[in-house]
Amino acid sequence: MRFYPQGISVMSVEYEGESMGVTISSLISISLDPPLVGVSIGKQASCYELLRRSASFGISVLGAAQAAVAQRFASGFPPLVHWEGIETRRGPAGVAPLLAEARGWLECRVRDEHDAGDHTVFVGDVLALELGPAKGGLVYLDRAYHPV
Ligand SMILES: Cc1cc2nc3c(=O)[nH]c(=O)nc-3n(C[C@H](O)[C@H](O)[C@H](O)COP(=O)(O)O)c2cc1C
């Protein structure tokens, strides 16, 4: 899959005052009516239990100039370090902090979980969809980020 270009987002989750963000490439558009998206999250990922408990997630779709943000949220640092110096905003659904400088945002409520080996595929109802200030998109290909 290294040679399959994938768009990059940061998924954020919040539960009882604790919030985490994680870089993902697994966001897929599933259905328009009703609006559904999917994400595949590793069972060992530090956000996994928080996501299952909150049963909701935010998606900040990254723009062309946000490779450093992608690296930071893929780093495995503790959540406090991830959020340090990052401007966040709340969307209309308020499910989790969203990255203020992103290309756009989705807020979702988990409607289904599908066991998938060492990952779980979460299907989410899209509660809110907004465009942000960033330009272009960020693609991961051959172990590097590429602005498009
Ligand atoms: C380009 C890229 C895409 C990624 N996509 C996913 C993904 O779709 N799902 C996932 O669970 N982890 C994904 N990861 C891994 C997480 O970003 C993170 O590195 C991993 O959860 C380890 O951090 P943790 O120990 O805090 O969980 C991706 C990492 C990179 C660099």
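Predicted model, so just to flag it, every value in this text is computed and none were measured.

Details of the overall build of the protein chain
1) Next: On a plain count of helices and strands, the protein chain comes out with three helices and twelve strands.
2) Next: Compactness check: the protein chain gives a C-alpha radius of gyration of 14 Å against a globular reference of 15 Å for 148 residues, within 12% of the reference.
3) Next: Dimensions of the protein chain, computed from the C-alpha atoms along their principal axes, are close to 30 × 30 × 30 Å.
4) Next: Looking at the protein chain residue by residue over its 148 residues, the buried ones come to 32%.
5) Next: Contacts spanning at least 24 positions in sequence make up 66% of the contacts within the protein chain whose residues lie at least 6 apart.

A word on the environment of glycine 7
1) Next: Take glycine 7: it is sitting in strand β1 (residues 6-7).
2) Next: Exposure remark for glycine 7: the 17 C-beta atoms within 10 Å place this residue in the partly exposed category.
3) Next: Sequence separation between glycine 7 and aspartate 33 is 26 residues, and the spatial gap between their C-alpha atoms is 23 Å.
4) Next: Once residues lying within four places of it in the same chain are set aside, the contact partners of glycine 7 are Ser25, Leu27, Gly137 and Val139.

A closer look at the site of the ligand
1) Next: Close to the ligand lie 14 residues; Ile24, Ser25, Ser26, Ser46 and Ala74 are nearest.
2) Next: Counting only elements with at least two residues in the shell around the ligand, the list comes to β3 (18-24) and β5 (35-42).
3) Next: For the shell around the ligand, the per-class residue count stands at seven nonpolar, seven polar and no charged.

Cut-offs used in this document
- Residues numbered from 1 in each chain as written.
- Predicted model: local features only at pLDDT ≥ 70, side-chain atom pairs only at ≥ 80, totals over all residues.
- Helix = DSSP H or I, 4+ residues; strand = E, 2+ residues; numbered from the N terminus.
- Rg over C-alpha atoms; globule rule 2.2 N^0.38 Å.
- Buried ≥ 20, exposed ≤ 12 C-beta atoms within 10 Å, placed from the backbone.
- Contact = placed C-beta atoms within 7 Å.
- Near = placed C-beta within 6 Å.
- Nonpolar A, V, L, I, M, F, W, Y, C, P; charged D, E, K, R; others polar.

Everything listed is a geometric property; what it means functionally is a separate question.
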